[in-house]
Every structure is written in structure tokens, then in C-alpha cells.
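Geometric and topological summary
Take a look at the letters that make up each chain.
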Amino acid sequence: MRKILMSGLLLAAAAFSANPAHALDSSGTPVVVTPLASRTTTASGQPITLPQKNVQVLVSTYDIAPGATLPVHRHPFPRYAYVQAGTLKVTNVETGNSNTYKTGDFIIEMIGQWHQATNIGDIEVKLLVIDQVEEGAKNTELRQ
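Let us look at the structure shown here. (Residues numbered from 1 in each chain as written. Predicted model: local features only at pLDDT ≥ 70, side-chain atom pairs only at ≥ 80, totals over all residues. Heavy atoms only, no water.)

Residue Asn-54 is not a glycine yet carries a positive backbone phi of 40 degrees. The residue Asn-54 is located in the loop between strand S2 (30–31) and strand S3 (55–64) in this model. (Helix = DSSP H or I, 4+ residues; strand = E, 2+ residues; numbered from the N terminus.)

If you walk across this open sheet you meet the four strands as S3-S10-S5-S8, and the pairing is antiparallel. This sheet does not close on itself; its edge strands, each paired only once, are S3 and strand S8 (106–108). Direction aside, the axes of adjacent strands within the sheet are offset by 20 degrees on average. Summarising the sheet, strand S5 (residues 79–85) and S8 pair through three bridges and their orientation is antiparallel. Following the sheet pairing, Ala-81 is matched in S8 by Ile-107. (Pairing = 2+ DSSP bridges. Axes fitted to C-alpha atoms, helices over the stretch in contact; angles between N-to-C directions.)

In C-alpha cells:
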């Protein structure tokens, strides 16, 4: 009986520590994990698809001054952005639909659709951007 009880406690402890919201570092100090997003579609409702060969992950930061508007562009591969500061309005120039993102928001950008973004706030927009591309490819095409 004692072995069964001990086994049950060990399983419960293992399940509890496996839950990312209650993870512990190697010293037993709590680590808080806060989920930010879980989506299967882009900002315009497209299914998220990944490059089919030699995937390369590119990570960069963007600092966009108040009032600045990025040129009309599109992405042939998935791009994700986390808004670290500011307010950004992204407009799909093909449909006219817009989304506004603020500090703490996660953006799953549209793929292959022309769009532009404007900093509509009074502080600099800071983005952490992650691209998944075919190795050696660029993920931004400007409209000519």
C-alpha cells in the first residue's frame, strides 16, 4: 500500500512540474510561463503553412518611429511579431481590412498579401520579429 501511495505521489509531482505554468528551474525556484498566443491562421485568416525545404529561422528587432509608415510589402513565408512597445496599425491593401496591435500583442502576419503598417501612437513601436524562410531567402518583397 505504501508503494502504491508513493508511486501515486511521484506521478502527481511529475505531472505538476511538467505543467509549464508551474515549471521549476533546476534549483527548485519557480519559473512562470505565460502563454501569449495559440493560433492556426494568419491575421487575414489564412492557414499557417511552413516552407517546404531547408527552413531557416531569422530573428530581428524593428524600431518604428511615431507616425512612420512602412512601404507596401508582402511576405512569401511565415512571419511572427511580438509588440514590445507602442501601437501599430496593419492594413491589408488588397482588402482594406486593418488590425491594430498594442504592447503585448502577438502578430501572425499575412502571407503573400500586400499590406503596410503605421505607428499610430506617440511612442516608438518596438517589435521582435521571427521569420521562417527557405534557407537564404528574404521574407519581405516591396511593391514596385
